[in-house]
Amino acid sequence: MARLPGDARRLLHARLAEAGRDSVRRNRHTVLAADAADPPPTAPARAADRARQRGDHALAVEFSLLAAQCTPHDDGDLLIERALTAVRDAAHYGDLPRARAAARFVLGQDTTPAQRVDALVALIDASGQHLYSADELFASALRAAAGRSDLTARILIRQSVWANVNEGDPQRACVLAGRATDLAESVGDTTTALSVRTVEATLTRVYRKLGLRSRFQLRAHRHTST
């Protein structure tokens, strides 16, 4: 269908929308049948909500990115909100190309450090073990954090996992996770601190298999000894 001329493709989508029985799939064809020069402003976002509620994450990703693409660029706040939704949907589904496309929307706008980090962290999560130019992406995320401890901690968690899983360096992973813990606790960010604890538990098991004691075990030992 992608190879058809635009008018023929939209006509086919319109016919499929009329014939369809599944409401979510019918919504997809209705949205894709719209004139590209005059897209429906809210239909893709509503369709993404319905797909997400039904657990159809592939469609949710497609619709949420389309919602961002249909948003007027002069409505910056709504564009950023929809683009962040799209990159999160893509990360949840593991759709790296759409995650990149949605992240570009966010990074191309006048956004806050938190919004930029949200987009980059979601892009990292979407990449999984297929993260190319990892050092560059992590460096971009750390720059976007602008020195904020809570945002930096979120990035360091991902760096820790990357160091352990992809680089096979549990020692560096421990150092990064420890820094993330310290930063999260310094600003009372309990959500991030709990996430780090999960990573620390994994790293502790790795160290135990190697017959070593992780820095987390050593730190716990020091606390119990005082």
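Going by the structure above, here's the rest.
Just so it is clear, the model here is predicted, and its values are computed rather than measured.

### Focus on the side chain of D189
Here's step 1: Take D189: it is sitting in the loop between α10 (170-186) and α11 (190-209).
Here's step 2: This buried residue, D189, is left without a salt bridge; R154 holds the nearest opposite charge, at 6.7 Å.
Here's step 3: Excluding residues within four positions of it along the chain, D189 makes contact with D150 and A184.

### Some remarks on the packing of helix α7 (residues 113-127) against helix α9 (residues 149-165)
Here's step 1: Close contact between α7 and α9 brings their axes to 10 Å; oriented N to C, the two are set at 10°. On the basis of the axis angle, α7 is roughly parallel to α9. Between α7 and α9, the contacting residues are P113, A114, V117, D118, V121, I124 and D125 on the first element and L151, R154, I155 and R158 on the second.

### Comments concerning the pattern of salt bridges
Here's step 1: On inspection of all chains with the given rule, the structure shows eleven salt bridges.
Here's step 2: Linking R172 and E167 is a salt bridge whose minimum nitrogen-to-oxygen distance equals 3.1 Å.
Here's step 3: The exposure class of R172 is partly exposed, given its relative accessible area of 33%.
Here's step 4: Members of the salt-bridge network, linked through shared partners, are D49, R52 and D89.

### Topic: the nonpolar core
For soluble globular proteins, the rule of thumb is that nonpolar side chains tend to be buried together.
Here's step 1: In this structure, V87, V117 and I155 are the most contacted members of the largest nonpolar core, which totals 35 residues.
Here's step 2: When contributions to this core are tallied by element, the ones reaching two or more residues are α4 (57-70), α5 (76-93), α6 (96-107), α7, α8 (134-145) and α9.
Here's step 3: Here V117 is in contact with A141, A144, A145, L151, R154 and I155, once residues within four sequence places are set aside.
Here's step 4: A153, A173, A193 and V196 belong to the second largest nonpolar core, which has 15 residues in total.

### Section: the environment of V117
Here's step 1: By the secondary structure assignment, V117 is in helix α7.
Here's step 2: Taking the C-alpha atoms as reference points, V117 and T152, 35 residues apart in sequence, are found 8.7 Å from one another.

### Considerations on the packing of α4 against α6
Here's step 1: Two elements in contact, α4 and α6, have axes whose closest approach is 10 Å; the angle formed by their N-to-C orientations is 25°. As far as their axial angle goes, α6 and α4 are roughly parallel. The handedness of the crossing between α4 and α6 comes out as left-handed. In contact with V61, E62, L65, A68 and Q69 of α4, α6 contributes R98, A101, A102 and F105.
Here's step 2: Looking at the contact of α4 with α6 residue by residue, the classes come out as six nonpolar, one polar and two charged.

### Looking at α7
Here's step 1: If you check α7, its first and last C-alpha atoms are 21 Å apart, about what 15 residues at 1.5 Å a residue would give, namely 21 Å.
Here's step 2: Within α7 the residues assigned to the buried category are V117, D118, A119, L120, V121, A122, L123, I124, A126 and S127.
Here's step 3: Among the structural elements, α5, α6, α8 and α9 are those in contact with the buried residues of α7.
Here's step 4: Two residues or fewer after α7 comes G128, characterised by a positive phi angle close to 60°.

### Some points on the side chain of T111
Here's step 1: As for its position among the elements, T111 is in the loop between α6 and α7.
Here's step 2: Of the residues examined, T111 reaches a relative accessible area of 13% and is grouped as buried.
Here's step 3: When residues no more than four places from it in sequence are discounted, the contact partners of T111 are I80, V106 and R116.

What counts as what
Residues numbered from 1 in each chain as written. Predicted model: local features only at pLDDT ≥ 70, side-chain atom pairs only at ≥ 80, totals over all residues. Heavy atoms only, no water. Helix = DSSP H or I, 4+ residues; strand = E, 2+ residues; numbered from the N terminus. Buried < 20%, exposed > 50% of the residue type's maximum accessible area, 1.4 Å probe, protein only. Lys, Arg positive; Asp, Glu negative; His and termini not counted. Salt bridge = Lys/Arg side-chain N within 4 Å of Asp/Glu carboxyl O. Contact = heavy atoms within 4.5 Å. Axes fitted to C-alpha atoms, helices over the stretch in contact; angles between N-to-C directions. Parallel < 35°, antiparallel > 145°, perpendicular 65-115°, else oblique. Core = buried A, V, L, I, M, F, W, Y, C linked by side-chain atoms within 4.5 Å. Left-handed = near helix turned anticlockwise from the far one by under 90°. Nonpolar A, V, L, I, M, F, W, Y, C, P; charged D, E, K, R; others polar. Expected span 1.5 Å × (residues − 1).

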